[in-house]
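# Remarks on the overall topology
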Amino acid sequence: MPDTLPIGSRVLIQPPFTGEDPTLPYVIYDVQWITLDGLITETEQPHFQYLVKPEANPDKEPSAFLPEYVLEISSDPGI
Amino acid sequence: MTITTRDQFFNAMANNSSRIIIDKVSVANTAASQWHSLWRATGQPGQGAIPSTAASCDNTLTGGIQFNQQTSPATSYFGILEAMCSQAGTTLEIHDRLAHMGGLSGTSTTAQTVNVDLNALLANDNLANRIGDSNYSDVQWWIEWYTDTGSTSISMIANVTYNDGSSGNLTTTGLLGATRRASFMVALNSLIPAADSGKYIRDVNTITNSATSGSVGSYGVTATRYRGCLFLPVANTRFTARWDDLGIPEIPNESCLFPLVAANNTSTGIVRATGKIAHG
């Protein structure tokens, strides 16, 4: 099973999803384990995606991003 | 424009016009300040089909408002729109549906082919006249939902080609909530980044989701041209946009006119409208 960043990690959403200047930090709110295409085999690694909220707006509804669009900048489990 | 005087226009309105009739059922699961298409709402005009691959649209499609086609140099003009809605505060807009596609998935996480390329479609269905300015600045681009996608909020990237041939990515990050409902429309034009300001979209190539929403649903890309609107501030009360409010926009042959609304509540409300398209 692949490692996931802990809930509360501070991350940047990567281009192209934040344009070319990903300066707004987000915080990982949850991790969702998913089936991407219904074709996962017993030997295949499970897939997951992060639910994140803008650090400056924690009341906002969380949005989902695949791990390749999420870059950790520091860990702050104190949220 | 072959009608050049007010007298000619008034004569056409009285003696040479096509009647517009709109009578659409209320669409549920809407929200204030969101755009919602009535393409799939039942009533008059009839329920439009969910498109598959990219195609241009014309006046013969079910879902388009019918009007008499003209022989050049005669053409058509939007002359009057009268409407009421059971939800106060609704804005009714009439657009020419230029091209569309559907069947995109809310669970795909790879680039999904859209290929709504107006540049390649210009020879079809009189699009060269229907798009307005040849630089595509009159075209509005939308992501349009046909069936609900899943309950996880995701973002989307639309890869587009601009009028100058360059390409770019438009992102909906932070804009889309959970469970995007059928009829929801998100405008792409306003997502053009500052670095590309002054450019206009001529082609949407692909859409990529940031993650899976949890349900496949169905959505697609639609290109339209705005033709007129009417604000309906009070429920079940008729309001009128006259010729001088509408600006007498030309309605070229083969235009696929359909209604959409800026909703003000949790449903669109029943939309009933009439009007005239003058010919000459």
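Residues numbered from 1 in each chain as written. Chains lettered and ligands numbered in written order. Predicted model: local features only at pLDDT ≥ 70, side-chain atom pairs only at ≥ 80, totals over all residues. Heavy atoms only, no water.

## Digging into the overall build of chain A
Check the secondary structure of chain A and you find 0 helices and 6 strands. Helices and strands appear in chain A in the N-to-C order β-β-β-β-β-β. When each of the 79 residues of chain A is scored for burial, the buried share is 34%. Of all intrachain contacts in chain A linking residues separated by at least 6 positions in sequence, the fraction that spans at least 24 positions is 50%. When the accessible surface of chain A is split by element, carbon and sulfur atoms take 52% of a total near 4,600 Å². (Helix = DSSP H or I, 4+ residues; strand = E, 2+ residues; numbered from the N terminus. Buried < 20%, exposed > 50% of the residue type's maximum accessible area, 1.4 Å probe, protein only. Contact = heavy atoms within 4.5 Å. Areas by Shrake-Rupley, 256 points an atom, 1.4 Å probe, with all protein chains shown as cover.)

## So, the pairing of strand β11 (residues 167-171) of chain B
Residues and elements named next belong to chain B. Judged from the 5 bridges that link them, strand β10 (residues 156-162) and β11 form a sheet pairing that is antiparallel. Looking at the pairing, I157 lines up with T171 of β11. From the end of β10 to the start of β11, which pair antiparallel, there are 4 residues, and G165 there has a positive phi angle of about 90 degrees. (Pairing = 2+ DSSP bridges.)

## A short note on the pattern of salt bridges
All names here are of chain B. Within the structure shown, the criterion is met by 9 salt bridges over all chains. A salt bridge links E144 to R97; the nearest nitrogen and oxygen atoms lie 3.0 Å apart. Of the two residues, E144 is situated in strand β8 (residues 139-147) and R97 in strand β6 (residues 90-100); the sequence distance between them amounts to 47 residues. A residue is classified by how much of its surface remains accessible, and R97, at 0% relative accessible area, is buried. Here the residues in one salt-bridge network are D164, D196 and K199, joined through shared partners. (Salt bridge = Lys/Arg side-chain N within 4 Å of Asp/Glu carboxyl O.)

## Let's talk about the interface of chain B and chain A
Often the size quoted for an interface is simply the accessible area lost on bringing the parts together. Opposite the 19 residues of chain B that make contact, chain A presents 18 residues. Between chain B and chain A, roughly 1,300 Å² of surface is buried when both sides are summed, and carbon and sulfur atoms account for 54% of that area. For the chain B face of the interface with chain A, the top three residues by lost area are B:S153, B:T173 and B:S210, together amounting to 31%. For the pair chain B and chain A, the interface holds 0 salt bridges. Our count for the contact surface shared by chain B and chain A stands at 9 residue pairs in polar contact (both at pLDDT 80 or more). (Buried area = accessible area lost by both parts, 1.4 Å probe. Polar contact = N/O pair within 3.5 Å; in protein donor to acceptor, adjacent residues only side chain to side chain.)

## What to know about the packing of aromatic side chains
For the structure shown, the criterion picks out 11 aromatic pairs over all chains. Taken together, a centroid distance of 5.3 Å and an interplanar angle of 80 degrees make the contact between A:F48 and A:Y50 edge-to-face. Ring geometry for B:F10 against B:W243: centres 5.6 Å apart, planes inclined by 75 degrees, an arrangement best described as edge-to-face. With B:F10 in helix α1 (residues 6-15) and B:W243 in helix α4 (residues 243-246), the pair connects residues that are 233 residues apart, well separated along the chain. Taken together, the aromatic side chains of A:F17, A:F65 and A:Y69 make up a single cluster linked through ring pairs. (Phe/Tyr/Trp six-rings, centres within 6.5 Å; stacked < 30°, edge-to-face > 60°.)

## What to know about the environment of B:F184
All names here are of chain B. Of note, F184 is situated in strand β12 (residues 184-187). For F184, a relative accessible area of 6% gives the class buried. Taking the C-alpha atoms as reference points, F184 and I143, 41 residues apart in sequence, are found 8.1 Å from one another. Residues contacting F184, with those up to four places away along its chain left out, are Q34, W35, H36, I143, E144, W145 and L176.

## Some words on the sheet that holds strand β15 (residues 239-241) of chain B
All names here are of chain B. Strand order in the open sheet made by the 5 strands is β3-β1-β17-β5-β15, with antiparallel pairing throughout. Of all strands in the sheet, those bounded by a partner on one side alone are β3 (43-44) and β15. As paired strands, strand β5 (residues 76-85) and β15 are joined by 3 bridges and run antiparallel to one another. Across the sheet, residue A83 finds its bridge partner in β15, namely F239. Relative to strand β17 (residues 271-279), α1 is tilted by about 125 degrees, and along the sheet it contacts β1 (17-24), β5 and β17. (Axes fitted to C-alpha atoms, helices over the stretch in contact; angles between N-to-C directions.)

## A short note on the sheet that holds strand β13 (residues 201-209) of chain B
Residues and elements named next belong to chain B. If you trace the 4 strands from one edge of the open sheet to the other, you get β7-β13-β10-β11, paired in antiparallel fashion. Both outer strands of the open sheet, β7 (112-117) and β11, are each paired with one neighbouring strand and no more. Ignoring which end each strand starts from, the neighbouring axes of this sheet average 20 degrees apart. Sheet topology places β7 next to β13; 4 bridges connect them, and they run antiparallel. Paired with T113 across the bridge in β13 is T206.

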